[in-house]
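Overview (structure and organization)
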Amino acid sequence: MEPITLRELAVTLGSTQGYESLSTAAGTPWIAVRLDGEPAPSFHAQPNCPVVGVVEGSPPPDDQVPPIIDVVVATDEAAGVTDAVESNPVAAAVLVRLLRHNERVGNMDSGFAESLAYSTLQHGSEFQAWLAGRPDRPPRPEPDTPAVLLERHNGALRITLNRPHKRNAYSASLRDGLCEALELAMADASIRHVVLDGAGACFSAGGDLDEFGEATDAGLAHTSRMARNAGVLIDCLRDRVEARLHGACIGAGIELPAFAERVVARADAFFVLPEVGMGLIPGAGGTTSILRRIGRRRLALMALTGARIDVPTALDWGLIDAVDP
């Protein structure tokens, strides 16, 4: 599909037939638009698929990109985005619509919308196909140690993710332990500083794949996610929380720490949002926390492609605040 102009996109969206055609449901997984510096026309509708802005050379500053554009790439990088979208077009469409919504609303509304979207996709064909393609592996036995460690020193509380045998995968037990630790800090005003880190080789490799696919009721999954949510608690405590990251920070492993006021990463850290490639979207609060840090288009690029973001890029974008020497 050749890129069209912004004016051609506006004309297409201006008719009922055109609007309906620009949808994943109608067989259009994405639309590419040339960004050539021409003034953007008025748009009265949004496509139900990602809108990829294509530029020659370096992308323009984000504030110079028309709001209709979901992600901006150079011409020679466009195929990397569109190919990824075509692999899971429903998840990609849900992601960009959610980010458009979350850019406009407050944190409570954005978290609610993310949970609804994630729960819906858990029961979609793309995620089910990903599950079916996974090899059967017996779950590893859990050691008889706490999933989360606490260390209190005067007014400081250190919270350490402690599943190093599974790269601190975000399981139900780890979530519960993390929430209990954060609730302690919420209840005790004498805790003035909270440090969140991870034991072992990395901060967190994201959701525990051994638990993926266990949700069989979308409504119950949504209400459960809203009732016990570590991201909400970190956000409530954000002016007291510092996250210290190292190694793999994948999925929840960057979505949760991004809520913190200060995020410090070691030079060996890297950041990935792999969920769209699984037929899902970020579901641990990333469409609020990371959106707030790096903006909608950079987040869309990260999530649609599953690209690995290194420390210098993360620092330049604002995904992290400092590098630990």
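Scroll up to find the structure this text is about.
Conventions adopted
Residues numbered from 1 in each chain as written. Predicted model: local features only at pLDDT ≥ 70, side-chain atom pairs only at ≥ 80, totals over all residues. Heavy atoms only, no water. Helix = DSSP H or I, 4+ residues; strand = E, 2+ residues; numbered from the N terminus. Rg over C-alpha atoms; globule rule 2.2 N^0.38 Å. Buried < 20%, exposed > 50% of the residue type's maximum accessible area, 1.4 Å probe, protein only. Contact = heavy atoms within 4.5 Å. Areas by Shrake-Rupley, 256 points an atom, 1.4 Å probe, with all protein chains shown as cover. Pairing = 2+ DSSP bridges. Core = buried A, V, L, I, M, F, W, Y, C linked by side-chain atoms within 4.5 Å. Axes fitted to C-alpha atoms, helices over the stretch in contact; angles between N-to-C directions. Disulfide = S-S within 2.5 Å. 1 Å grid on protein atoms, 1.4 Å probe; cavity = no way out; pocket = protein on both sides within 12 Å on 5 of 7 lines; lining within 4 Å. Points joined across faces, edges and corners; volume = space filled by probe spheres on them. Nonpolar A, V, L, I, M, F, W, Y, C, P; charged D, E, K, R; others polar. Patch = residues over 30% accessible without salt bridge, like charges linked within 9 Å, V, L, I, M, F, W, Y side chains within 5 Å. Salt bridge = Lys/Arg side-chain N within 4 Å of Asp/Glu carboxyl O.

**Quick notes on the overall build of the chain**
Within the chain, the regular secondary structure consists of 13 helices and twelve strands. The C-alpha atoms of the chain give 20 Å as radius of gyration, which agrees with the globular expectation for 325 residues (20 Å, within 12%). Along the longest, intermediate and shortest principal axes, the C-alpha atoms of the chain span 60 × 40 × 30 Å. Across the 325 residues that make up the chain, the buried fraction comes to 52%. Residue pairs in contact within the chain that sit at least 24 positions apart in sequence constitute 70% of those at least 6 positions apart. For the chain, the exposed area adds up to about 15,000 Å²; of that, 53% sits on carbon and sulfur atoms.

**Concerning the sheet that holds strand β10 (residues 270-272)**
Here we have three strands laid out as an open sheet, ordered β8-β10-β11, and mixed in their pairing. Strands with a single pairing partner mark the edges of an open sheet, and in this sheet they are β8 (248-250) and β11 (309-310). As paired strands, β10 and β11 are joined by two bridges and run antiparallel to one another. The residue bridging F271 from the neighbouring strand is I309, located in β11.

**A closer look at the nonpolar core**
With 73 residues, the main nonpolar core has I159, L178, L245, F271 and L304 as its most contacted residues. In terms of nonpolar packing, the next biggest core, distinct from the first, is built from 15 residues, L6, L9, I31 and C49 among them.

**Details of the sheet that holds strand β3 (residues 71-74)**
The three strands are arranged β1-β2-β3 in an open sheet whose pairing can be described as parallel. Lying at the two open borders of the sheet, with one neighbouring strand each, are β1 (31-34) and β3. For this sheet, the mean inter-axis angle between neighbouring strands, taken without regard to orientation, is 35 degrees. With four bridges connecting them, strand β2 (residues 51-55) and β3 associate as parallel partners. Directly across from V55, in β3, lies its bridge partner A74. Helix α3 (residues 78-87) rests against β2 and β3 of the sheet, and its axis sits at about 135 degrees to β3.

**Let's talk about the state of the cysteines**
Evaluated as defined, the whole model comprises zero disulfides. Free of any disulfide, C249 has its nearest cysteine sulfur in C202, 7.3 Å distant.

**As for the layout of surface pockets**
Roughly 1,300 Å³ of internal volume is contained in the largest pocket. Taken together, 48 residues make up the lining of the largest pocket; nearest its centre are Y170, G207, D208, E211 and F212. Going through the elements one at a time, α5 (107-122), α7 (172-187), α8 (218-227), α9 (230-236) and α10 (252-255) are the ones with two or more residues in the lining of the largest pocket. Empty space within the second largest pocket amounts to approximately 430 Å³. What lines the second largest pocket is a set of 17 residues, among which P59, V72, R298, L301 and W317 lie closest to the centre. The leading source of residues in the lining of the second largest pocket is helix α12 (residues 296-305), at four residues. Of the residues that constitute the lining of the second largest pocket, the class distribution is eleven nonpolar, two polar and four charged.

**Brief notes about helix α11 (residues 286-294)**
Each α-helix turn comprises 3.6 residues. Residues three or four places apart therefore point the same way. Of all nine residues in α11, eight are buried, a share of seventy percent or more. Taken together, the buried positions of α11 are G286, T287, T288, S289, I290, L291, R293 and I294. Buried-residue contacts for α11 involve α4 (89-104), α5, α10, β9 (262-266), α12 and α13 (311-317).

**Observations regarding a nonpolar patch on the surface**
A surface patch of nonpolar side chains, amounting to about 240 Å² of accessible area, comprises F112, L116 and M226. Topologically, M226 is positioned in helix α8. Residue classification places M226 among the partly exposed positions, given a relative accessible area of 31%.

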